[in-house]
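Chain by chain, the residues run as shown.
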Amino acid sequence: PESITVSELANRMAERAADVVKSLMKMGLMVSINEAIDADTAELVIEEFGHRTVRVSDADVEQVIDTVEDKEEDLQARPPIITIMGHVDHGKTSLLDRIRQANVVSGEAGGITQHIGAYQVKAESGAVLSFLDTPGHAAFTSMRARGANVTDIVVLVVAADDAVMPQTVEAINHAKAADVPMIVAINKIDKPAANPQKVRTDLLQHEVVVEEMGGDVQTVEVSAHTGQGIDTLLEAIALQSEILELTANPKRPAQGAVIEAKLDVGRGPVATVLVQNGTLKRGDIFVVGEQWGKVRALINDKGDRVDEAGPSVPVEVLGLNGTPEAGDVLNVVETEAQAREIAEYRENAAKDKRAAAGAAITLDQMLARA
Ligand code: GTP
Ligand code: MG
């Protein structure tokens, strides 16, 4: 519906509901915290607070996402975030492993890389790239469904001896739906049966026009087994990233997305967060989904403790009061009271939703029985 309650709006802006009520009063509107206001009024309020509105879908103002407007001069280039997709057995995991093995940022030979669901590598040119270590469409779609659009570039893996298969098509559709550019990694080029040209013509049938055929989709022939073409792939990603001119503002409070979360026996709830904007620091107070916390420690993809993590950097976050879910958005807020308030509000809203769903089922069951 084209409306949003005052409290939900406040929640999404990470502002106090009372302040939103005050701002509405100034506009001559007497509205209580639990009352709904229309989308246009909501937008005025959002602007009043210096936030920017992005309506994910016009029909659904519940999806209003807000970001504090960043000043042009505060924006800096940030590394791209890459997700690998492709058909079963086409070599997604092998490719990720090969990339990580060869290029993990400051990964000394023999050094054990901690698995934290995402990692950064350095291309030969020096460009830093952040890979999501969760290959597959499920992760991509579930993150997107939860409002976390974390991917800048999709690397579509297609086995040269198998060409385009059903899940390749699915991946193409996901990337298109998310409006994320694609680079095609034609894998298993070492195999005698490899036929990269068939991959290119197959792709054409699915409206993916590669550069060799006059389009703008880059393809790179690689072998996860021999390592052939891996450096070229990384450079292709770096090039695509330059075209995208990805920027973020490292100076603002952090906003990020949960890649993975778990309850660790020794350390308590731990979430791997990919910082999307701002810089996450030790001591920061945050709300993440229905949880909140204060950053006790940050651990990077090498397993080292760090004091802060900037845009596109994946880190493990310790200091949560509960375990969030993958795809939950993390926002740094000013006070613990705010964080607690928002987390509680969300928890209650989720409970209400579940209760409503439960009631509907009961009603259905009653009707079915009658
Ligand atoms: P799922 O996770 O099951 O969807 O598969 P995947 O896409 O992650 O493929 P995976 O990396 O598990 O590789 C599937 C098989 O292909 C394995 O037996 C790999 O050893 C093999 N393979 C992957 N890359 C290459 C390659 O470049 N050359 C050759 N010859 N085999 C490869
Ligand atoms: Mg795999």
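Here, the structure is the one placed above.
The structure displayed is predicted, hence computed values, not measured ones. (Residues numbered from 1 in each chain as written. Chains lettered and ligands numbered in written order. Predicted model: local features only at pLDDT ≥ 70, side-chain atom pairs only at ≥ 80, totals over all residues. Heavy atoms only, no water.)

*Asks:* Any details on unusual backbone geometry? Residues and values, ideally.
*Replies:* In this structure, Asp89 takes a positive phi of about 70° despite not being glycine. Note on Asp89: relative accessible area 63%, which makes it exposed. The phi torsion at Glu245 lies on the positive side, around 50°, for a residue other than glycine. (Buried < 20%, exposed > 50% of the residue type's maximum accessible area, 1.4 Å probe, protein only.)

*Asks:* Break down the packing of helix 2 (residues 17–26) against helix 3 (residues 39–48) for me, citing the residues and quoting the values.
*Replies:* Running from N to C, helix 2 and helix 3 point in directions that differ by 110°, and their axes come no closer than 10 Å. As the angle between them shows, helix 2 and helix 3 are arranged roughly perpendicular. Packed against helix 2, whose contacting residues are Val20, Ser23, Leu24 and Lys26, the element helix 3 presents Thr41, Val45 and Glu48 at the interface. Among the residues forming the contact of helix 2 with helix 3, the class breakdown is 3 nonpolar, 2 polar and 2 charged. (Axes fitted to C-alpha atoms, helices over the stretch in contact; angles between N-to-C directions. Helix = DSSP H or I, 4+ residues; strand = E, 2+ residues; numbered from the N terminus. Parallel < 35°, antiparallel > 145°, perpendicular 65-115°, else oblique. Contact = heavy atoms within 4.5 Å. Nonpolar A, V, L, I, M, F, W, Y, C, P; charged D, E, K, R; others polar.)

*Asks:* So what's going on with the pattern of salt bridges? Which residues, and what values?
*Replies:* Taken as a whole, this structure holds 15 salt bridges when the rule is applied. With its nearest N and O atoms 3.4 Å apart, the salt bridge here joins Lys251 to Asp74. Here Lys251, found in the loop between strand 12 (247–248) and strand 13 (255–264), pairs with Asp74, found in the loop between strand 4 (65–68) and strand 5 (76–77); they are 177 residues apart in sequence, far enough to count as distant. Between Asp307 and Arg282 there is a salt bridge, with its nearest N and O atoms 3.1 Å apart. Taken together, the positions of Asp307 in the loop between strand 18 (305–306) and strand 19 (308–309) and Arg282 in the loop between strand 15 (280–281) and strand 16 (285–288) put the pair 25 residues apart, joining distant regions of the chain. The exposure class assigned to Asp307 is exposed, which follows from its relative accessible area of 51%. If you follow the salt bridges from partner to partner, you end up with Lys262, Asp264, Arg267 and Glu316 in one network. (Salt bridge = Lys/Arg side-chain N within 4 Å of Asp/Glu carboxyl O.)

*Asks:* Could you give an account of the sheet that holds strand 11 (residues 219–221), naming the residues involved and the relevant values?
*Replies:* Spatial ordering of the open sheet is given by 7-8-6-9-10-11, a layout of 6 strands whose pairing is mixed. Among the strands making up the open sheet, the edge pair consists of strand 7 (118–122) and strand 11. Across the sheet, the mean angle separating the axes of adjacent strands is 30° when strand polarity is ignored. Taken together, the 3 bridges between strand 10 (residues 182–187) and strand 11 define a ladder with parallel strand orientation. Its bridge partner being in strand 11, Ile186 is matched across the sheet by Glu221. (Pairing = 2+ DSSP bridges.)

*Asks:* How would you summarise a nonpolar patch on the surface if you had to cite specific residues and measurements?
*Replies:* A surface patch of nonpolar side chains, amounting to about 230 Å² of accessible area, comprises Met27, Leu29 and Leu44. Its location among the elements puts Leu44 in helix 3. (Patch = residues over 30% accessible without salt bridge, like charges linked within 9 Å, V, L, I, M, F, W, Y side chains within 5 Å. Areas by Shrake-Rupley, 256 points an atom, 1.4 Å probe, with all protein chains shown as cover.)

*Asks:* Could you give an account of the packing of helix 1 (residues 6–13) against helix 2, with specific residues and numbers?
*Replies:* Axis separation between helix 1 and helix 2 bottoms out at 8 Å; the angle between their running directions is 115°. Here helix 1 is positioned roughly perpendicular relative to helix 2, judged by the angle of their axes. Handedness of the crossing formed by helix 1 with helix 2: right-handed. Together, Val6, Ser7, Leu9, Ala10 and Met13 of helix 1 and Ala17, Val20, Val21 and Leu24 of helix 2 make up the contact between the two elements. Along the lines of polarity and charge, the residues of the contact of helix 1 with helix 2 split into 8 nonpolar, 1 polar and no charged. (Left-handed = near helix turned anticlockwise from the far one by under 90°.)

*Asks:* Kindly report on the nonpolar core, identifying the contributing residues and their values.
*Replies:* Core analysis: the largest hydrophobic core is formed by 24 residues, its most contacted members being Leu95, Ile99, Phe131, Leu233 and Ile237. Within the residue set of this core, elements represented by two or more residues are strand 6 (81–86), helix 4 (92–103), strand 7, strand 8 (128–132), strand 9 (153–159), strand 10 and helix 8 (230–244). It is helix 8 that contributes the most residues to this core, 6 residues altogether. Beyond its immediate stretch of four places on either side in the chain, Leu95 contacts Ile84, Val157, Ala185, Asn187, Val222, Ala224, Ile230 and Leu233. The next biggest cluster of nonpolar side chains, apart from the first, holds 22 residues, and it includes Leu156, Ile172, Ala178 and Met182. (Core = buried A, V, L, I, M, F, W, Y, C linked by side-chain atoms within 4.5 Å.)

*Asks:* Quick one: what's the story with the packing of aromatic side chains, residue by residue and with numbers?
*Replies:* Scanning all chains against the criterion turns up 1 aromatic pair. Judged by centre distance (6.0 Å) and plane angle (20°), the rings of Tyr119 and Phe131 are stacked. Of this pair, Tyr119 sits in strand 7 while Phe131 sits in strand 8, and the two are 12 residues apart along the sequence. When its relative accessible area of 1% is taken as the criterion, Tyr119 is described as buried. (Phe/Tyr/Trp six-rings, centres within 6.5 Å; stacked < 30°, edge-to-face > 60°.)

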